[in-house]
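Tertiary structure, described
Now for the letters of each chain:
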Amino acid sequence: MTELDLYQTLCLAVVALWVGSYLKNRIGVLQRFCIPSPVVGGLLFAMLTLLGYMLGLFEVSFDSTLKNLFMVFFFTSVGFQANFKTIKLGGKPLLMMVVLVAVLVVIQNCVAVGIALGLGLDGLVGMTAGSIPMVGGHGTSGAFGPILEQMGVVGGTSLTTAAATFGLVAGSLVGGPLAQRLIEKHHLLKERITGHKYDSSGEADLAESLVKSQEDKLKSKGNYTKALYLLIIAVGLGTLVSYLLDLTGATFPIYMGGLLAGCIIRNVDEFGNNWIGSPMREIDEIGGICLSLFLGIAMISLKLWELAELALPLCLMLGAQVIIMILFAYFVCFPVMGKDYDAAVLSAGFCGFGMGATPNAMANIQAVCDKYVPSVKAFLIIPIVGSMFTDFVNSLIITFFINVL
């Protein structure tokens, strides 16, 4: 077996990122479904190691030290995105969308765990096709996969990663047609054009806030150092938070302390009239870099041969998740969000990050709006919920399920 140290592992992960980016820019279907570059390049390397393993030619072992480091920094940056003042600005629609995400997370986990138990498998196996890969995507899969493996789920990371890739494609496929069905069945386009049933209350304040945020981005120079320092402080304080969480006797992912610390710092800053002055654009960008490197290392480390034994149960669970997503978006999300044109477009976006990621959600609503008319509400709410609150809410609920199981 060839063992790579942390420097060699990082080098190979970056090569995988570059290869993935090159292929993504030249293969239209990868762009259409918003498949992340680390996933494209990482899966290619993982398939090469699978071939070497099956032929008995070679087996590679990777150092996971930096993977865990980048994971903690990424989720700490996610904590900084959880700005609860934004919920107030967004009003009831934004709050309801956050609640819907929480409900969907619970349903996804219950369905997947129920199917796994019905097949005679450990309930933790069901978590590999629950909200970890569905709402969480590849980032959360890479974080919780190793935890599931430590708890006895063989190939937990490979299973969650495979499910997350499936979710990206499925979420992009079902969102647009579902919105089209709602719009045409209920004649929502006519209502939207004539102005009936359209409530824009609260959108002006939220739009003004977002415009100000964009202006701040243009003015921000030299803030990357401050952003990095804040992330490091939050990670350091997060170790104390993790220590307190461990005293409860429950199992928490190693990044949970940093995520909560980032959330606390951001909201203390917000309610204290920005006395810290958190440079959110730079924190978000550093978090994005950490996510790419984390995913790159996680993807090249996959052991795809571990998928074989649980391939059929995984397919059954993922098929059920697609059905649940369609039913939930059609019969729950659409009515709750107002049964109007904006609600239909929001439902398309909900399918995007309910089974994939925020870019998929944005692609869904863009496709619907290109065919019909724009939806200001959807373009405001979906990216805020997807980027600020989804991972935060999902991580807390996943942790609860893992400890119950």
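Now for a quick tour of the structure.

A few words on the overall build of the protein. Regarding its fold elements, the protein presents 17 helices and two strands. Here the analysis covers contacts within the protein between residues at least 6 apart in sequence; of these, 80% occur between residues at least 24 apart. Counting only carbon and sulfur atoms, one obtains 66% of the accessible surface of the protein, whose full area is about 17,700 Å².

In the contact formed by helix α7 (residues 137–150) and helix α13 (residues 280–300), the axes pass within 10 Å of each other and the chain directions differ by 60°. It follows from the interaxial angle that α7 and α13 lie oblique. For the element pair α7 and α13, the recorded crossing hand is left-handed. Seen from α7, the contacting residues are His138, Gly139, Gly142 and Ala143; seen from α13, they are Leu291, Phe294, Leu295 and Met299. Class assignment of the residues belonging to the contact of α7 with α13 gives a composition of five nonpolar, three polar and no charged.

Right, let's talk about the nonpolar core for a bit. Met97 and Phe350 are the most contacted members of the largest nonpolar core, which totals 116 residues. Other than its neighbours up to four places away in sequence, methionine 97 contacts Cys333, Met337, Leu346, Phe350, Phe353, Ile381, Ile382 and Val385.

Further remarks concern the pattern of salt bridges. Close approach of charged atoms allows side chains of opposite charge to pair. Overall, the coordinates contain three salt bridges when judged by the stated rule. Note that arginine 266 and glutamate 270 form a salt bridge whose closest N and O atoms lie 3.0 Å from each other. Of the two residues, arginine 266 and glutamate 270 both sit in helix α12 (residues 256–271), four residues apart, roughly one turn of that helix. One exposure class covers both arginine 266 and glutamate 270, and it is buried.

Our focus in this paragraph is the environment of leucine 100. Looking at where leucine 100 falls in the secondary structure, it is placed in helix α5 (residues 84–118). When residues no more than four places from it in sequence are discounted, the contact partners of leucine 100 are Phe328, Val332, Cys333, Val336, Met337 and Phe350.

A separate point is the packing of aromatic side chains. If you walk through the whole model with that rule in mind, you get five aromatic pairs. Arranged with centres 5.7 Å apart and planes meeting at 20°, the rings of phenylalanine 328 and phenylalanine 350 form a pair that is stacked. Highlighted residues: phenylalanine 328 in helix α14 (residues 311–336) and phenylalanine 350 in helix α15 (residues 341–355), separated in sequence by 22 residues. Each ring, one from phenylalanine 350 and one from phenylalanine 353, has its centre 5.6 Å from the other, and the planes form 65°; the classification is edge-to-face. Here phenylalanine 350 and its partner phenylalanine 353 are both found in helix α15, three residues apart, which amounts to about one turn of the helix. Phenylalanine 353 sits in the buried class, given a relative accessible area of 3%. Members of the aromatic cluster, each reached through a chain of ring pairs, are Phe328, Phe350 and Phe353.

Non-glycine residue histidine 187 carries a positive phi angle of around 55°. When you line up the elements, histidine 187 lands in the loop between α8 (156–185) and α9 (188–194). Classification of histidine 187 as exposed rests on a relative accessible area of 57%. For lysine 339, which is not glycine, the phi torsion reads 55° and is therefore positive. Counting through the fold element by element, lysine 339 comes out in the loop between α14 and α15.

Note on helix geometry: an α-helix contains 3.6 residues per turn, so any two residues three or four positions apart are oriented the same way. Counted at 1.5 Å a residue, the expected span for α8 with its 30 residues is 44 Å, and the 42 Å between its end C-alpha atoms agrees. At the C-terminal side of α8, histidine 187 shows a positive phi close to 55°.

A word on the packing of α7 against α8. Interhelical geometry of α7 versus α8 gives an angle of 160° and a closest axis separation of 7 Å. If you check the angle between α7 and α8, you find them roughly antiparallel. The two elements α7 and α8 meet at a crossing, and its hand is right-handed. Residue-level inspection shows Gly137, His138, Ser141, Gly145, Pro146, Leu148 and Glu149 of α7 in contact with α8, the latter providing Gly156, Thr157, Thr160, Thr161, Ala164, Thr165 and Leu168. Across the contact of α7 with α8, the residue classes break down as four nonpolar, nine polar and one charged.

The rules behind the values
Residues numbered from 1 in each chain as written. Predicted model: local features only at pLDDT ≥ 70, side-chain atom pairs only at ≥ 80, totals over all residues. Heavy atoms only, no water. Helix = DSSP H or I, 4+ residues; strand = E, 2+ residues; numbered from the N terminus. Contact = heavy atoms within 4.5 Å. Areas by Shrake-Rupley, 256 points an atom, 1.4 Å probe, with all protein chains shown as cover. Axes fitted to C-alpha atoms, helices over the stretch in contact; angles between N-to-C directions. Parallel < 35°, antiparallel > 145°, perpendicular 65-115°, else oblique. Left-handed = near helix turned anticlockwise from the far one by under 90°. Nonpolar A, V, L, I, M, F, W, Y, C, P; charged D, E, K, R; others polar. Core = buried A, V, L, I, M, F, W, Y, C linked by side-chain atoms within 4.5 Å. Buried < 20%, exposed > 50% of the residue type's maximum accessible area, 1.4 Å probe, protein only. Salt bridge = Lys/Arg side-chain N within 4 Å of Asp/Glu carboxyl O. Phe/Tyr/Trp six-rings, centres within 6.5 Å; stacked < 30°, edge-to-face > 60°. Expected span 1.5 Å × (residues − 1).

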